[in-house]
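Architecture and fold: a report
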Amino acid sequence: MKGMFSYDADVAFAAFMKIYPTMKEKKLNYLYFRPITFLKGKWNDQQKKELIDLSLKLSPKMENIVLQNGLKYFADEIKKF
């Protein structure tokens, strides 16, 4: 939260990469997309690449098909940030 509200992509990125891979699907469903989108325009190219990789890595682990597809689609959208 601190990284988001201070618009510090580096702080937020470190937290996201630590928390998201271990987050339960139910929470990931509503806590993944908005924070990443909130910092749109702040991510550097390496961070974007890693967020794309994370989205694609998480997708097949989801039981909910809508979330699976949402993560794949979101990976494509991150490229445009």
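For the structure, check the block above.
For the structure given in this document, a descriptive report is provided here. (Residues numbered from 1 in each chain as written. Predicted model: local features only at pLDDT ≥ 70, side-chain atom pairs only at ≥ 80, totals over all residues. Heavy atoms only, no water.)

1. A look at the packing of aromatic side chains
The way to describe two aromatic rings as a pair is by their centre distance and the angle between their planes. Inspection of the entire model under this criterion finds nine aromatic pairs. Between the aromatic rings of Tyr32 and Phe74, the centroid separation amounts to 6.0 Å while the plane-to-plane angle is 70 degrees, which identifies the pairing as edge-to-face. Within this pair, whereas Tyr32 is found in the loop between α3 (25–31) and α4 (33–38), its partner Phe74 is found in helix α6 (residues 65–78), the two being separated by 42 residues in sequence. (Phe/Tyr/Trp six-rings, centres within 6.5 Å; stacked < 30°, edge-to-face > 60°. Helix = DSSP H or I, 4+ residues; strand = E, 2+ residues; numbered from the N terminus.)

2. Some details on the nonpolar core
Grouped together as the largest cluster of nonpolar side chains are 22 residues, with contacts concentrated most on Tyr20, Leu28, Tyr32, Ile36, Trp43 and Leu58. Residues within four places of Tyr32 in sequence aside, it is in contact with Tyr20, Leu51, Leu54, Ser55, Leu58, Leu71 and Phe74. (Core = buried A, V, L, I, M, F, W, Y, C linked by side-chain atoms within 4.5 Å. Buried < 20%, exposed > 50% of the residue type's maximum accessible area, 1.4 Å probe, protein only. Contact = heavy atoms within 4.5 Å.)

3. Comments concerning the packing of helix α5 (residues 45–58) against α6
A pair of packed helices is captured by two measures, namely the crossing angle of their axes and the spacing between those axes. Remark: α5 packs on α6, axes separated minimally by 8 Å, with the N-to-C direction vectors making an angle of 170 degrees. Judged by the angle between their axes, α5 and α6 are roughly antiparallel. Every residue of α6 that contacts α5 at Lys48, Leu51, Ile52, Ser55, Leu56 and Leu58 is listed here: Leu71, Lys72, Phe74, Ala75 and Ile78. Taken together, the residues of the contact of α5 with α6 sort by class into eight nonpolar, one polar and two charged. (Axes fitted to C-alpha atoms, helices over the stretch in contact; angles between N-to-C directions. Parallel < 35°, antiparallel > 145°, perpendicular 65-115°, else oblique. Nonpolar A, V, L, I, M, F, W, Y, C, P; charged D, E, K, R; others polar.)

4. With respect to helix α2 (residues 9–19)
Those residues of α2 not exposed but buried are Ala9, Ala12, Phe13 and Phe16. Seen from one end, α2 has its buried residues packed into an arc of 100 degrees, which puts them on one side. Exposed residues on α2 whose side chains face more than 90 degrees from its buried face are Asp10 and Lys18. At the N-terminal end of α2, a side-chain oxygen is found 3.1 Å from the backbone nitrogen of Asp10, two or three residues along, and the residue is Asp8. (Arc of directions from axis to C-beta. Polar contact = N/O pair within 3.5 Å; in protein donor to acceptor, adjacent residues only side chain to side chain.)

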